[in-house]
Amino acid sequence: GLLQAHAFDGTFVYHFVEAVRPVFDPRHIRAGNPYRLVVGNDGVLRRFEYHIDNDEFLRVDSATDAEVSFEAERVLYVKERTEVAVRGLIDERNSSLSAALDDVGENVNLAILMAELFSGEIDFTNDLRRGDHFDVLFEKYYREDVFSDYGEIVAAEFYNDGRTVQAFKFILPGDDEPLYYDADGRSLKRLFLRAPFRFEPRVTSRFSYRRLHPILGTNRPHLGVDYGAPTGTQVIAVANGRVVSATTSGGSGNMVRLRHTNGYETYYLHLSRFAKDMHPGSRVVQGQTVGYVGSTGLATGPHLDYRIRKNGAFVNPLIEHRNFPPGDPIPEEHLPAFIEVRDRSLGRLFSPHSLPRDLALAAQ
């Protein structure tokens, strides 16, 4: 339809689509994505480009002077990487991490990266206080001088309710994946995440042994924490484990149950649907999507009822998280290399950068 709208006939369209199909499924073209046509004075198509995503675009060139012979390929965008440091303040005007970052010109995707980074230390739904502030050093990628996406966080410091939490990216020799550690080389990655979301939503109901059920109208135990979130929001595994079940379970609706180490199990209730491969015995890793928020079962609206069971008894997730052990520290033989990286990152983290007006005044 796109090509016909530019006056190319059916034969042309057929050969064009057949040339594209081996490298890109034309059915995956999305409304709103930009494209570009280069047409000669003779009306012959010279080149077609279509933006697939932030990493790739489709390029189709005329292979010869013939009007129906094409060469198609997926091409990686050339991106420019820059390193940026910003500072933000939690106050009466910006009461959330997302709002504080928006105030200094960044967007919610950076807030998600920071929330994931500090998920073992800070509950961004309940722990933030006025006067909290942060510095973050991170990568930004530009394509043709236009912001494309965020890379990795290099270093960050968050002052929260009287305590300071730091994070530094470090790649252990022989590994490819960067990990994050505090200033002393202790891993920030805990055995369990604070919440089963990439960015913590609001708590709408807490753990209780006696709560008035919103539908049944009777007092009964609520052995989990309810998180309000829109239908379809991704729900993630809080720790590595295996699927015990993924099925419909009465008033719990669609529910995933995972078994972890040290006698722990986690439950994810009222899902709209399950993620792929949620079969009994399947292995899941921390951060993997297990389902999507819904309102199946006895639910007044879309939310997730998240539960933790320890050695056969349900426990309060918001309290039990404090007992989870941290990840492994940096091996002693690699500490000198880490300290060198840490100190370089600190120097760049606190390099001059723009401050929100309120924070600049407070710093004077």
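Here, the structure is the one placed above.
What counts, and at which threshold
- Residue indices follow the written sequence of each chain, beginning from 1 at its first position.
- Owing to the predicted nature of the model, reporting of local features is limited to residues with pLDDT of at least 70; listing and counting of side-chain atom pairs is limited to 80 or more, with chain, interface and lining totals taken over all residues.
- The basis for every side-chain value is the complete set of non-hydrogen atoms in the structure, without hydrogens or water.
- Strands here are runs of E lasting at least two residues and helices are runs of H or I lasting at least four, both read from the DSSP assignment and numbered beginning at the N terminus.
- Identification of polar contacts relies on pairs of N or O atoms within 3.5 Å, with a donor-acceptor requirement for protein atoms, meaning one able to donate a hydrogen and the other able to accept it, and with residues adjacent in sequence counted only if both atoms are side-chain atoms.
- The criterion for strand pairing is that DSSP finds at least two bridges linking the strands in question.
- All axes here are fitted lines through C-alpha atoms, helices being fitted over the stretch that makes contact, and every angle between N-to-C directions spans 0 to 180 degrees.
- The criterion used for residue contact is that any of the two residues' heavy atoms lie within 4.5 Å.
- Burial classes: relative accessible area under 20% of the type maximum marks a residue as buried, over 50% as exposed, and values in between as partly exposed (1.4 Å probe, protein chains only).
- A helix is expected to span 1.5 Å multiplied by its residue count minus one.
- By definition, the arc is the one covered by directions from the helix axis to the C-beta atoms.
- The set of buried Ala, Val, Leu, Ile, Met, Phe, Trp, Tyr and Cys residues whose side-chain atoms join them within 4.5 Å is what this entry labels a nonpolar core.
- Here a salt bridge means any side-chain nitrogen of Lys or Arg lying within 4 Å of a carboxyl oxygen belonging to Asp or Glu.

Engineer: Help me out: how do you make sense of the side chain of H270 in this one?
Structural biologist: Looking at the element boundaries, H270 is found in strand β17 (residues 264-274). Side-chain polar atoms of H270 contact the backbone oxygen of T296, separated by 2.7 Å.

Engineer: Looking at this structure, I do not really get the sheet that holds strand β7 (residues 146-160). What am I missing?
Structural biologist: Pairing between sheet strands relies on hydrogen bonds along the backbone, with the strands arranged either parallel or antiparallel. Taken in spatial order, the five strands make up an open sheet running β5-β6-β7-β8-β9, and their pairing is antiparallel. Every other strand in the sheet has two partners, leaving β5 (80-89) and β9 (179-181) as the edge strands with one partner each. In this sheet, neighbouring strand axes are inclined to one another by 30° on average, regardless of whether the strands run parallel or antiparallel. The sheet contact formed by β7 and strand β8 (residues 163-170) spans six bridges and is antiparallel. Within the sheet, the bridge partner assigned to A155 lies in β8 and is F168. Sheet strands in contact with helix α4 (residues 108-117) are β6 (133-143), β7, β8 and β9, and its direction is about 40° off that of β7. Here helix α6 (residues 335-349) sits on the sheet and contacts β5, β6, β7, β8 and β9; the angle it forms with β8, its principal contact strand, is near 115°.

Engineer: Quick question: what am I supposed to make of the pairing of β6 here?
Structural biologist: On a regular strand, each side chain points to the face opposite its neighbour's, so the side chains alternate between the two faces of the sheet. Counting buried positions over the 11 residues of β6 gives eight, a clear majority of the element. Where β5 meets β6, 10 bridges bridge the pair, whose relative direction is antiparallel. Counted as the bridge partner of G88 is F134 from β6. Pairing geometry for β6 and β7, over 10 bridges, is antiparallel. Residue pairing for β7: R143 is matched across the bridge by V146. The turn linking β6 back onto β7 is made up of two residues, and E144 within it adopts a positive phi angle of 55°.

Engineer: Where do I start with α6 in this structure?
Structural biologist: With 15 residues, α6 should cover 21 Å at 1.5 Å per step; its first-to-last C-alpha distance of 20 Å lies within 8% of that length. Looking at α6, one finds that the buried residues are F338, R342, S345 and L349. For α6, the buried positions fall inside an angular range of 70° around the axis, keeping them on one side. Buried residues along α6 sit against β5, β6, β7, β8 and β9.

Engineer: Looking at this structure, how should I read the nonpolar core?
Structural biologist: Nonpolar side chains tend toward joint burial in soluble globular proteins. If you look at the biggest cluster of nonpolar residues, it comprises 31 residues, and the most contacted ones within it are Y227, V235, L258, Y268, V290 and L304. Elements with a minimum of two residues in this core: β13 (225-228), β14 (234-236), β16 (254-259), β17, β19 (289-293) and β20 (303-310). Each residue touching V290, except ones within four places of it in the same chain, is listed here: V235, I236, A237, V256, L258, Y268, F274, A275 and M278. Counting 25 residues, the second largest nonpolar core, distinct from the first, contains A115, F118, F134 and F138.

Engineer: Would you explain the pattern of salt bridges in this entry?
Structural biologist: Opposite charge on two side chains makes pairing possible when the charged atoms of those side chains draw close. In the structure shown here, the tally under the stated rule is 29 salt bridges. The partner of R163 in a salt bridge is E121, and the shortest N-O contact between them spans 3.7 Å. Of the two residues, R163 is situated in strand β8 and E121 in the loop between α4 and β6; the sequence distance between them amounts to 42 residues. On the basis of relative accessibility, which here comes to 32%, the residue R163 falls in the partly exposed class. Members of the salt-bridge network, linked through shared partners, are R36, R47, E49, R59, D61 and E73.

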